[in-house]
There are 2 protein chains.
Amino acid sequence: MTAARYDVLGIGNAIVDVLARADDAFLQQEGLEKGIMTLIDGHRAESLYSAMGPAREISGGSAANTIVGLGMFGGQGAFIGLVRNDQLGGIFRHDIRASGVTFDTPSAVEGPPTARCMVFVTPDAQRTMNTYLGAAVHLSPEEIDEEMVAASKVTYLEGYLWDAPPAKEAYLKAAKIAHANGREVALSLSDPFCVDRHRASFLDLVAGHVDLLFANEDELLSLYEVESFDEALQRVRGHCKVAALTRSEKGAVILSGEEIHVIDAAPVEKVVDTTGAGDLFAAGFLYGYSKGLGLDLCGRLGALAAAEIISHYGARPEADLAELAKAVL
Amino acid sequence: MTAARYDVLGIGNAIVDVLARADDAFLQQEGLEKGIMTLIDGHRAESLYSAMGPAREISGGSAANTIVGLGMFGGQGAFIGLVRNDQLGGIFRHDIRASGVTFDTPSAVEGPPTARCMVFVTPDAQRTMNTYLGAAVHLSPEEIDEEMVAASKVTYLEGYLWDAPPAKEAYLKAAKIAHANGREVALSLSDPFCVDRHRASFLDLVAGHVDLLFANEDELLSLYEVESFDEALQRVRGHCKVAALTRSEKGAVILSGEEIHVIDAAPVEKVVDTTGAGDLFAAGFLYGYSKGLGLDLCGRLGALAAAEIISHYGARPEADLAELAKAVL
């Protein structure tokens, strides 16, 4: 095994977030279920955007957010995902590269525009997401750069891409390359409804291809179709090498064989927007993991990054994560 | 004179702001002068964007910010400005309309892309702006909707558009229509360097066509080529019907004939980004003015809106300005 060029390679949807405030009445009026991610088509995207208030655009995408966070901790990150050669695609590419992440996937030159996710942030700081996948959904095995996967300590996959069959093939290809090269594979379940749509396939994936599993409580209950966190905990034990389970303000539980850590959530002065909490937990965790730190420290770095991201709008960090990390390391 | 359909019509550059943090070393390295607006061409825009950190996009444009603020106070606003039919143009149009502003100027279907302004925010909360005018610079008399001008109590012009000759003609056309219909014309000087580039022409404009002048201290000193605020104050007296002069943390001075008001700045917990302070002062002032309030109240509404905008990133308000205004009204 040659020396790794990247700590973590993320593969996921290349998305620009469009964030606006909304109240509960708006969610009801538009038939939006709070806190979850819904896939929408181009027509719905247009009509929903017309109803949306004044917005701001901040690059997003679950795995992309994670890799940007990893880079801001000081890790070497790379990303594979598909944008169109349009202005939003240019914004996505600029932002991820400006964060120090290697992102070389060529832009699509035809087909649908760059993906966007309309994020409605309610006064309770919850985010309700509506994603038009556009170009991102056309990610295929062709985009998987074999050398890049082989050169990455961990290849991190977001569950959201499971919604697109060619992207799923791309994931499986990446997982096989990683393992053939003695590397590890991580998966984030992304969303309980996403898990619901692909449960059998996720269970196979976790059992057969995943070394590190990231999931929040809802996703985990959905995956194992159980009622309590503790039941899920017993099920996930041994199902993969490491499981990092997040529980919002209750903190996180990290499992690996007989080892278990219960990590408190890091304090937040005011929760503004929970978009990206899971993505940034994974960023901190993977940074620590790729540097060979103990799982307890990995968990604490994850909690720190999650606390930073929910204290402001958007899912790209604003604070200097490497500086924040000094409190833990 | 028929009843006015709009309180204020803004005419200005239709711009999307691209905001990122930067430190003083970055400004020096890129040869950027802190606190001012520099016009750049497409090539420079590309190279500067490459050097810029991760950014967020928030609709901007000086007069556009003012009209959006006016709308958020509860005023009826309209805007004339030119975008291209591209994704950034779509974002600009969405955001201004979602704020309740009437914006019907057709998009350009050829020529340069929608204007953008790269805003570098330093740790001292100052903003240094680099504007690629793109489509906005092609605003011409053709875009001036005569009925819209005639139906607006005040037509508000931003000095920045003076950099483009056809836009200047558009302004003069709008000013003439406004006055022919018994309406008023307001001008914001925008920037001391902009005043420097067009001093003679601004002096003629103020003397011949402007009822309400908005200027900050630097702009005013530049306009009259004097050394102190008090000297400038003596010069502007009688030069136009109303002058609203802003002095950052020193507050504002409002002049009209023999009437004078000295308004304190509204308190701000933490100044985050001064982008849009002048634009939003004008918003509050014009809201009060168009509703027939006393000039002291107009000034206090301006100070409130300026305080709101500098407490967060971007030049579009986040708080409910109509709610904030209750403290004053």
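Quick caveat, the model's predicted, so the values are computed rather than measured.

Asks: Honestly, the overall build of chain A in this entry has me stumped. Any pointers?
Replies: In terms of regular secondary structure, chain A is built from 13 helices and 14 strands. Against the compact-globule benchmark of 20 Å for 329 residues, chain A has a radius of gyration of 18 Å, which places it among compact chains. Seen along its three principal axes, the alpha-carbon backbone of chain A occupies a region of about 50 × 40 × 40 Å. The buried share of chain A, reckoned over its 329 residues, is 55%. Counting only contacts in chain A whose residues sit at least 6 apart along the sequence, the fraction spanning at least 24 positions is 77%.

Asks: Quick question: what am I supposed to make of the sheet that holds strand β7 (residues 115–121) of chain A here?
Replies: Hydrogen bonds between backbone atoms are what pair the strands of a sheet, whose relative direction is either parallel or antiparallel. Strand order across the open sheet formed by ten strands is β3(A)-β8(A)-β7(A)-β2(A)-β4(A)-β4(B)-β2(B)-β7(B)-β8(B)-β3(B), with mixed pairing between neighbours. Strand pairing shows two members of the sheet lacking a second neighbour, β3 (37–40) of chain A together with β3 (37–40) of chain B, which therefore form its edges. Between one strand axis and the next, the sheet turns by 25 degrees as a mean value, whatever way the strands run. With four bridges joining them, β3(A) and strand β8 (residues 127–132) of chain A adopt parallel strand pairing. Counted as the bridge partner of A:T38 is A:N130 from β8(A).

Asks: Any chance you could explain the relation of the copies chain B and chain A here in plain terms?
Replies: Relating one copy of the chain to the other takes a rotation about an axis and a shift parallel to that axis. Each copy superposes on the other: chain B lies on chain A with an RMSD of 0.0 Å after a rotation of 180 degrees and an axial shift of 0.0 Å. The transformation just described matches what one would write down for a two-fold rotation axis. Within chain B, B:E57 has its C-alpha nearest the rotation axis, a separation of 2.4 Å. Taken as a fraction of all interface residues of chain B, those also at the interface in chain A reach 100%, which identifies the copy contact as same-surface.

Asks: Even after reading the chapter, I still don't get the interface of chain B and chain A, so can you show me in this structure?
Replies: Size of an interface: often given as the accessible area lost when the parts come together. Opposite the 18 residues of chain B that make contact, chain A presents 18 residues. Contributing elements (two or more residues each) for the side of chain B that touches chain A: β4 (56–59) and α4 (87–98) of chain B. The element contributing the most residues to the side of chain B that touches chain A is α4(B), with six residues.

Asks: What's the story with the packing of helix α11 (residues 277–290) of chain A against helix α12 (residues 295–309) of chain A in this structure? I'm lost.
Replies: Residues and elements named next belong to chain A. Look at α11 against α12: their axes get within 7 Å of each other, and the N-to-C directions meet at 145 degrees. Note that α11 runs across α12; the crossing there is right-handed. Along its contact with α11, which presents A277, L280, F281, A282, A283, G284, F285, Y287, G288 and Y289, the element α12 presents L297, C298, G299, L301, G302, A303, L304, A305, A306, E308 and I309. Taken together, the residues of the contact of α11 with α12 break down into 16 nonpolar, four polar and one charged.

Asks: Explanation requested: the packing of helix α9 (residues 217–224) of chain A against helix α10 (residues 229–236) of chain A in the structure shown.
Replies: A pair of packed helices is captured by two measures, namely the crossing angle of their axes and the spacing between those axes. Residues and elements named next belong to chain A. Viewed as axis vectors pointing N to C, α9 and α10 meet at an angle of 65 degrees, and their least axial separation amounts to 9 Å. In this view, α9 runs roughly perpendicular relative to α10, as classed from their interaxial angle. When the axes of α9 and α10 are compared, the crossing they make is left-handed. Taken together, the residues of α10 that come into contact with α9 (itself represented by E217, L220, L221 and Y224) are F229, A232, R235 and V236. Of the residues contributing to the contact of α9 with α10, the split by class is six nonpolar, no polar and two charged.

Asks: Sorry, what's going on with unusual backbone geometry here?
Replies: Residues apart from glycine generally show negative phi values, whereas peptide bonds are mostly found in trans. All names here are of chain B. For A125, which is not a glycine, the phi torsion comes out positive at approximately 75 degrees. By the element assignment, A125 lies in the loop between β7 (115–121) and β8 (127–132). Exposure remark for A125: the 17 C-beta atoms within 10 Å place this residue in the partly exposed category. In this model, S190 sits at a positive phi of 75 degrees, which is unusual for a non-glycine residue. Here S190 is to be found in the loop between β10 (184–188) and α7 (192–197). Look at S190 and you get buried, because 27 C-beta atoms sit within 10 Å.

Asks: Help me understand the sheet that holds strand β11 (residues 212–216) of chain A in this model?
Replies: Residue and element names in this part refer to chain A. Strand order in the open sheet formed by nine strands is β6-β5-β1-β9-β10-β11-β12-β13-β14, with mixed pairing between adjacent strands. Edge positions in the sheet fall to β6 (102–103) and β14 (259–263), since each has one partner strand and no second. Bridge count between strand β10 (residues 184–188) and β11: three bridges; the pairing is parallel. Counterpart to A186 in the pairing with β11 is L212. Running over the sheet, helix α3 (residues 62–73) touches β1 (6–11), β5 (77–80), β9 (152–158) and β10 and is turned about 160 degrees from β1.

Asks: Is there a simple way to think about helix α4 (residues 87–98) of chain A in this case?
Replies: In an α-helix, one turn spans 3.6 residues; hence positions three or four apart end up facing the same way. Residues and elements named next belong to chain A. Over its twelve residues, α4 runs 16 Å from end to end, which matches the ideal 16 Å to within 8%, given 1.5 Å per residue. Within α4, nine of the twelve residues are buried, which leaves the element mostly enclosed by the surrounding structure. Positive backbone phi, approximately 90 degrees, marks G100, located one or two places after α4.

Asks: Looking at this structure, how should I read the environment of A:A186?
Replies: All names here are of chain A. Inspection of the secondary structure puts A186 in strand β10. Residue classification places A186 among the buried positions, given that 29 C-beta atoms sit within 10 Å. Considered as a pair, A186 and G288 are 102 residues apart in the sequence and their alpha carbons are 14 Å apart.

Asks: Even after reading the chapter, I still don't get the pairing of strand β2 (residues 15–21) of chain A, so can you show me in this structure?
Replies: Each regular strand shows side chains that alternate between the opposite faces of the sheet. Residue and element names in this part refer to chain A. Across the seven residues that make up β2, a large majority, six, are buried. Across seven bridges, the pairing between β2 and β7 is parallel. If you follow L19 over to β7, its bridge partner there is V119. Relative to strand β4 (residues 56–59), β2 runs antiparallel, the two being bridged by four bridges. Residue pairing in the sheet places V18 in a bridge with E57 of β4.

Asks: In this structure, what is going on with the pairing of strand β5 (residues 77–80) of chain B? I would like to understand it.
Replies: All names here are of chain B. Side-chain alternation along β5 places G77 and F79 on one buried face and A78 and I80 on a second face that is also buried. As defined by bridge partners, strand β1 (residues 6–11) adjoins β5 across four bridges and the pair is classed as parallel. Looking at the pairing, L9 lines up with A78 of β5. Between the parallel pair β5 and strand β6 (residues 102–103), the chain is carried across by α4, and the sense of this crossover is right-handed.

About the cut-offs
- Residues numbered from 1 in each chain as written.
- Chains lettered and ligands numbered in written order.
- Predicted model: local features only at pLDDT ≥ 70, side-chain atom pairs only at ≥ 80, totals over all residues.
- Helix = DSSP H or I, 4+ residues; strand = E, 2+ residues; numbered from the N terminus.
- Rg over C-alpha atoms; globule rule 2.2 N^0.38 Å.
- Buried ≥ 20, exposed ≤ 12 C-beta atoms within 10 Å, placed from the backbone.
- Contact = placed C-beta atoms within 7 Å.
- Pairing = 2+ DSSP bridges.
- Axes fitted to C-alpha atoms, helices over the stretch in contact; angles between N-to-C directions.
- Least-squares fit on C-alpha atoms with pLDDT ≥ 70 in both.
- Left-handed = near helix turned anticlockwise from the far one by under 90°.
- Nonpolar A, V, L, I, M, F, W, Y, C, P; charged D, E, K, R; others polar.
- Parallel < 35°, antiparallel > 145°, perpendicular 65-115°, else oblique.
- Expected span 1.5 Å × (residues − 1).
- Right-handed = clockwise from strand over helix to strand, strands pointing away.

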